[in-house]
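One letter stands for each residue in the lines below.
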Amino acid sequence: MANVIVVGAQWGDEGKGKVVDVLSERFDVVARYQGGNNAGHTVVVGDEKIILHLVPSGILRKGKICVLGNGVVIDLGELIHEMDQLEKLHVRFADHFFISRRAHLVLPYHKILDAAHERRAAKKIGTTGRGIGPAYVDKMARMGIRVGDMHKPELFTERLRHNLAEKRSQFPDSPDLAGLDAAQICAQHMKYYERIQDFLVDSGQILHRFIGEGKRILFEGAQGTLLDIDMGTYPYVTSSSSTAGGACTGTGVSPKCVDGVLGVCKAYTTRVGEGPFPTELLNSTGEQIRARGQEFGATTGRPRRTGWFDAVAARYAARVNGLDAIALMKLDVLDELDPILVCTGYRYRGEVLAEFPAETDILAECEPAYESHPGWKQSTVGTLEDGKLPGACRAYLRRLEELVNVPFTLVSTGPRRDQTLTRCNPTWEAWGLGS
């Protein structure tokens, strides 16, 4: 019974929400392993568009179990709001939703600090302003507050008061921090705790039990490989481990229990926020991709930067994560473009680099080396068979597979869950996912 990690193979926003929604039909449990409500996973069911920020998108499948692991940082107010919205859609949480006691809280002062750091930074990171980075900073500084700490109100209150005093000492001129009322925050969060306390578990323990019972686990990540705190384009990254390794540290599940890794890429590339982006298109083609792909942040609404597919970055993601297969998203967005370019290397100071550089300043100077492919100039929307794709489109897919050296097992030909083409291979069969 396969347990599979779904990981973003670009700069996030690849379409992981749809992939998890599609695959969750064949799995029993979906476990989210990092990030917070800075993520936005968009799922289209029928004519309804649903954006999830914290709850795994598998929750939309009846009978599936969803888990928020210890690697997630949780804004309880946002989580409860999301749960309320889902309950209106008749989603059942009792016995189907669990939260790690070890998950850290995002508190009001984290959001204030997030905005303050961004204002003061010489180089903007382009955060979502949701307090995610400061919450992870507190976690690493060993002064974070975990969800499970709220079982003793006096302990929670003491830690919160201490942390708030510490933040005020760091930012004495902040009227927003000065205006926070510790007693009010504590009272509000204890109400939140009453709402979610029955869902609290040891995520590693319960997932281990599910695996022992023969249940299939799908591990859901947020953001993407190139935003990973260690492996991404530092410092223009998120504050957690968004690569496949984060699935184990973020849920408490042994690496021995993982059977495969599925990467998710778009048929082109996007990025939100600051940082180098070699294939970025600052022209009408970039605008056309943005418009056709509806490339606006699910969490912030910000327009995403757009560019051609970057095979150098995708190969790097394949190596770092050990990708067994790739789901290629938004193929239909390219239907009207001709020609279609693919980055096969980087030009840097007279050299052509075949590998993704570790130094962000080098990446910022890189110019893409492109190869050109003819467009297919016809609609692929809703196509469900590989053989029915236009010939130029099939050639494009084959070339991407050659460049990345990973098979593309899923191809999205539209936003809905039923607009997904399956291309089977031995790995896919080994996971027991069939056709």
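Placed above this text is the structure.
About the cut-offs
- Residues numbered from 1 in each chain as written.
- Predicted model: local features only at pLDDT ≥ 70, side-chain atom pairs only at ≥ 80, totals over all residues.
- Heavy atoms only, no water.
- Helix = DSSP H or I, 4+ residues; strand = E, 2+ residues; numbered from the N terminus.
- Expected span 1.5 Å × (residues − 1).
- Buried < 20%, exposed > 50% of the residue type's maximum accessible area, 1.4 Å probe, protein only.
- Arc of directions from axis to C-beta.
- Polar contact = N/O pair within 3.5 Å; in protein donor to acceptor, adjacent residues only side chain to side chain.
- Pairing = 2+ DSSP bridges.
- Core = buried A, V, L, I, M, F, W, Y, C linked by side-chain atoms within 4.5 Å.
- Phe/Tyr/Trp six-rings, centres within 6.5 Å; stacked < 30°, edge-to-face > 60°.
- Salt bridge = Lys/Arg side-chain N within 4 Å of Asp/Glu carboxyl O.

Peer 1: Can you help me understand helix α7 (residues 182–196) in this one?
Peer 2: Counting along an α-helix, one turn takes 3.6 residues, and residues three or four places apart therefore face a common direction. Along its 15 residues, α7 runs 21 Å from first to last C-alpha, staying within 8% of the 21 Å computed at 1.5 Å per residue. Considered for burial, the residues of α7 that qualify are A182, I185, C186, H189, M190, Y193 and I196. Take α7 and look down its axis: the buried residues cluster within an arc of 130 degrees, on one side only. Exposed side of α7, more than 90 degrees from the buried face: Q184, K191 and E194 are the residues found there. Two or three places before A183, at the opening of α7, D181 has a side-chain oxygen 2.9 Å from that residue's backbone nitrogen.

Peer 1: Got a minute to help me understand the pairing of strand β19 (residues 408–412) in this structure?
Peer 2: The side chains of a regular strand alternate between both faces of the sheet. Counting buried residues along β19, five of its five residues qualify, which places the element largely inside the surrounding structure. Looking at chain direction, strand β15 (residues 325–329) and β19 are connected through three bridges and run parallel. In the strand pairing of β19, I326 is matched with F408. As judged from the three bridges shared by β19 and strand β20 (residues 420–422), these two strands associate in the antiparallel manner. By the bridge assignment for β20, S412 is matched with T420.

Peer 1: Is there a simple way to think about the nonpolar core in this case?
Peer 2: The tendency in soluble globular proteins is for nonpolar side chains to be buried as a group. In terms of nonpolar packing, the biggest core is built from 61 residues, with L23, L79, F97 and I196 touching the most fellow members. The dominant element in this core, judged by the number of residues it contributes, is α7, at six residues. Membership of the second largest hydrophobic core comes to 53 residues, among which are A267, L328, L331 and L334.

Peer 1: What is the right way to read unusual backbone geometry from this model?
Peer 2: Most of the time, phi is negative for any residue but glycine, and the peptide bond is trans. For the bond from Y234 to P235, the omega torsion is 10 degrees, close enough to zero to count as cis. In this fold, P235 is placed in the loop between β10 (217–220) and α9 (245–249). The step from D338 to P339 runs through a cis peptide bond, and the omega angle for that step is 0 degrees. With respect to the helices and strands, P339 occurs in the loop between β15 and β16 (340–348). Positive phi values are uncommon outside glycine, yet D13 reaches one of about 60 degrees. Relative to the helices and strands, D13 resides in the loop between β1 (4–8) and α1 (16–23). Taking relative accessible area as the criterion, D13 reaches 27% and is therefore assigned partly exposed. In this structure, K377 is a non-glycine residue whose phi angle is positive, near 50 degrees. For K377, the position within the fold is in the loop between β18 (367–373) and α13 (391–404).

Peer 1: Looking at this structure, I do not really get the packing of aromatic side chains. What am I missing?
Peer 2: The geometry of an aromatic ring pair is captured by two quantities: the separation of the ring centres and the angle between the planes. As enumerated under the stated definition, the model contains seven aromatic pairs in all. Between W11 and F277, the aromatic rings sit 5.4 Å apart at their centres with planes inclined by 55 degrees, giving tilted as the arrangement. One end of the pair, W11, is in the loop between β1 and α1; the other, F277, is in the loop between β12 (269–271) and α10 (284–293), and 266 residues separate them in sequence. Judged by relative accessible area, W11 falls into the buried class, the value being 2%. Between W376 and Y396, the ring centres sit 5.8 Å apart and the planes meet at 50 degrees, which makes this aromatic pair tilted. Of this pair, W376 sits in the loop between β18 and α13 while Y396 sits in helix α13, and the two are 20 residues apart along the sequence. In this structure, W376 and Y396 share a single accessibility class: buried. Through a chain of ring-to-ring contacts, three or more aromatic side chains come together here, namely F93, F97 and F199.

Peer 1: Help me understand the pattern of salt bridges, please; the structure alone is not making it clear to me.
Peer 2: Any two side chains of opposite charge can pair, on the condition that their charged atoms come close. On inspection of all chains with the given rule, the structure shows 25 salt bridges. The closest approach of N and O atoms between E213 and K215, which form a salt bridge, is 2.9 Å. We note a salt bridge from D386 to R423, for which the minimum N-O separation is 3.2 Å. Of this pair, D386 sits in the loop between β18 and α13 while R423 sits in the loop between β20 and α14 (426–430), and the two are 37 residues apart along the sequence. Relative accessible area serves as the criterion here: at 13%, R423 is assigned to the buried category. Through salt bridges with shared partners, a single network forms among D13, K266, E295, R304 and K330.

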